[in-house]
Amino acid sequence: ENPALTSALGMEAHAFYKLTRLAYQDPDVMFPVDDTHTLHSIGADLLQQATVAEFLQLIYGGNFLADMVQSTTIGAKQRYSGGAFLEAPFYIGELLTLTPMARYDLYSDFPGNLTWKLAAVLRLTDVFSVKASGGKSYRAPTLNDLYWPNDGMSEGNAALQPETGYSGELGASFVTSRVEANASAFARFVQDGIQWTEVSPFFYKP
């Protein structure tokens, strides 16, 4: 065991189980409804931080999630997903910090995808700094987005594709012991964006 390396490591681990149950009953004589939807969610997260050198840190980890639905309307549905990420802040002197980040996600019902981000902070003076960042995001439809049963007011859409986005941001900060001011501008482009919207009067669908 290396005492110097051990003191430079920090680890966090979490595990959870969540039970969600939704029941809906309508004793209407013509169209009675008695639906029950049960969601079991089991997950785990792991994060570790290692100080490699004075100018470099590594932050890495991963997660796993299992969602299992039992429904009187849509039957049994499952999704298993997980991912791994790496973040590596570089401290270039006292003026510049560069932080590249990358993550790869896997889904049991959609293709895997690599996302990334690059952020930079430039400290021009003791009180004034500028920052810039750019990256790619990825979001799979939720089980509700895909399979929400037709309840007369809304319905899921099993034909949805994952949402992909690209974004950029530019900002500045002015911070003293008495005053703090921040300003930023950003832009985002989304392909196959997922949004619940009214597709006909009083009826919503993603």
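Residues numbered from 1 in each chain as written. Predicted model: local features only at pLDDT ≥ 70, side-chain atom pairs only at ≥ 80, totals over all residues. Heavy atoms only, no water.

> Whenever I open this one, the packing of aromatic side chains confuses me. Can you help?
The description of an aromatic ring pair uses the distance of the two centres, along with the angle that the planes make with each other. All chains considered together, the criterion is met by one aromatic pair. Centre to centre, the rings of Tyr107 and Tyr138 are 6.1 Å apart; their planes meet at 50°, and the pair counts as tilted. Residue Tyr107 is found in strand β6 (residues 96-107), and its partner Tyr138 is found in strand β8 (residues 128-139); the two are separated by 31 residues along the sequence. The ring of Tyr147 has Lys77 lying over it, and the distance from NZ or CZ to the ring centre is 4.6 Å. (Phe/Tyr/Trp six-rings, centres within 6.5 Å; stacked < 30°, edge-to-face > 60°. Helix = DSSP H or I, 4+ residues; strand = E, 2+ residues; numbered from the N terminus. Lys NZ or Arg CZ within 6 Å of the ring centre and 35° of its normal.)

> Got a minute to help me understand the pattern of salt bridges in this structure?
It is possible for side chains bearing opposite charge to pair when their charged atoms get close. With the rule as written, the count across this model stands at four salt bridges. The salt bridge involving Arg79 is made with Asp109; its shortest N-O contact spans 3.1 Å. Taken together, the positions of Arg79 in strand β4 (residues 75-87) and Asp109 in the loop between β6 and β7 (113-123) put the pair 30 residues apart, joining distant regions of the chain. For Asp109, a relative accessible area of 29% translates into the label partly exposed. The salt bridge involving Arg188 is made with Glu163; its shortest N-O contact spans 3.7 Å. Remark: Glu163 occurs in strand β9 (residues 163-175) and Arg188 occurs in strand β10 (residues 180-191); sequence separation between them is 25 residues. For Glu163, a relative accessible area of 9% corresponds to the buried category. Taken together, the salt bridges that share partners define one network made up of Arg139, Glu163 and Arg188. (Salt bridge = Lys/Arg side-chain N within 4 Å of Asp/Glu carboxyl O. Buried < 20%, exposed > 50% of the residue type's maximum accessible area, 1.4 Å probe, protein only.)

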